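Remarks on the overall topology
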Amino acid sequence: MNNYETVFILTPVLSDAQVEEAVKKFEDLLKEKNCEIVAKENWGLKKLAYPIQLKKNGFYTLIEFKGEGTIVADLELAFKRDERVIRYLTTKLDKHAIEYAVTRRTKVKSAKA
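So, here is what we can say about the structure in this document.

Cut-offs applied
- Residues numbered from 1 in each chain as written.
- Predicted model: local features only at pLDDT ≥ 70, side-chain atom pairs only at ≥ 80, totals over all residues.
- Heavy atoms only, no water.
- Core = buried A, V, L, I, M, F, W, Y, C linked by side-chain atoms within 4.5 Å.
- Buried < 20%, exposed > 50% of the residue type's maximum accessible area, 1.4 Å probe, protein only.
- Helix = DSSP H or I, 4+ residues; strand = E, 2+ residues; numbered from the N terminus.
- Contact = heavy atoms within 4.5 Å.
- Lys, Arg positive; Asp, Glu negative; His and termini not counted.
- Salt bridge = Lys/Arg side-chain N within 4 Å of Asp/Glu carboxyl O.
- Pairing = 2+ DSSP bridges.
- Expected span 1.5 Å × (residues − 1).
- Arc of directions from axis to C-beta.

Before going further, it helps to spend a moment on the nonpolar core. One recurring pattern in soluble globular proteins: nonpolar side chains tend to sit buried together. Ranked by size, the top nonpolar core spans 20 residues in total, and within it F8, L10, F26, L30, F65 and L75 carry the most contacts. Elements with a minimum of two residues in this core: β1 (2-10), α1 (16-32), β3 (55-67) and α2 (71-81). Setting aside residues no more than four positions away along its own chain, L75 makes contact with T6, F26, L29, L30, F65 and T90.

The next point concerns the side chain of E5. Residue placement: E5 occurs in strand β1. Buried within the structure, E5 lacks any salt-bridge partner; R104 is the closest side chain of opposite charge, at an N-O distance of 4.3 Å.

Now for the pairing of β3. Where β1 lies against β3, 9 bridges are found, and the strand directions are antiparallel. Across the sheet, Y4 pairs through a bridge with F65, a residue of β3. Of the strand pairs in this sheet, strand β2 (residues 36-52) and β3 are connected by 11 bridges, and their pairing is antiparallel. Bridge pairing in β3 places E41 opposite L62.

The first and last C-alpha atoms of α1 sit 24 Å apart over 17 residues, in line with the 24 Å expected at 1.5 Å per residue. By the burial criterion, the buried members of α1 are V19, A22, V23, F26, E27, L29 and L30. Taken down its axis, α1 places every buried residue within 155° of arc, on the same side. In α1, the exposed residues that point more than 90 degrees away from the buried face are A17, K31 and E32. Residues of α1 that are buried make contact with β1, β2, β3, α2 and β4 (85-92). Phi for N34, located one or two positions after α1, is positive at around 60°.

Now the structure itself:
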């Protein structure tokens, strides 16, 4: 099992319920493929670095998961087929990135508390 993280941006014209439904769709896909979801972060509506499809904002979501290498192709195919996704990036985490992700999550949790 490899560790991955994926960040995807949803179009800003969606309601909160539609954003949650889209995120749940991708989580369910990962669970169907026997992946373990380690963490999920909703970064909310953020300004894009440059306009994409004439949009200047987007809903960012990060999902960290463990799974086989073949899941990445399936996940990215689902991103391509979903018109609500305007950008996505999936990366494989090495041991240093995993350690950083753990410390980043604990910092975020302590900042919210």
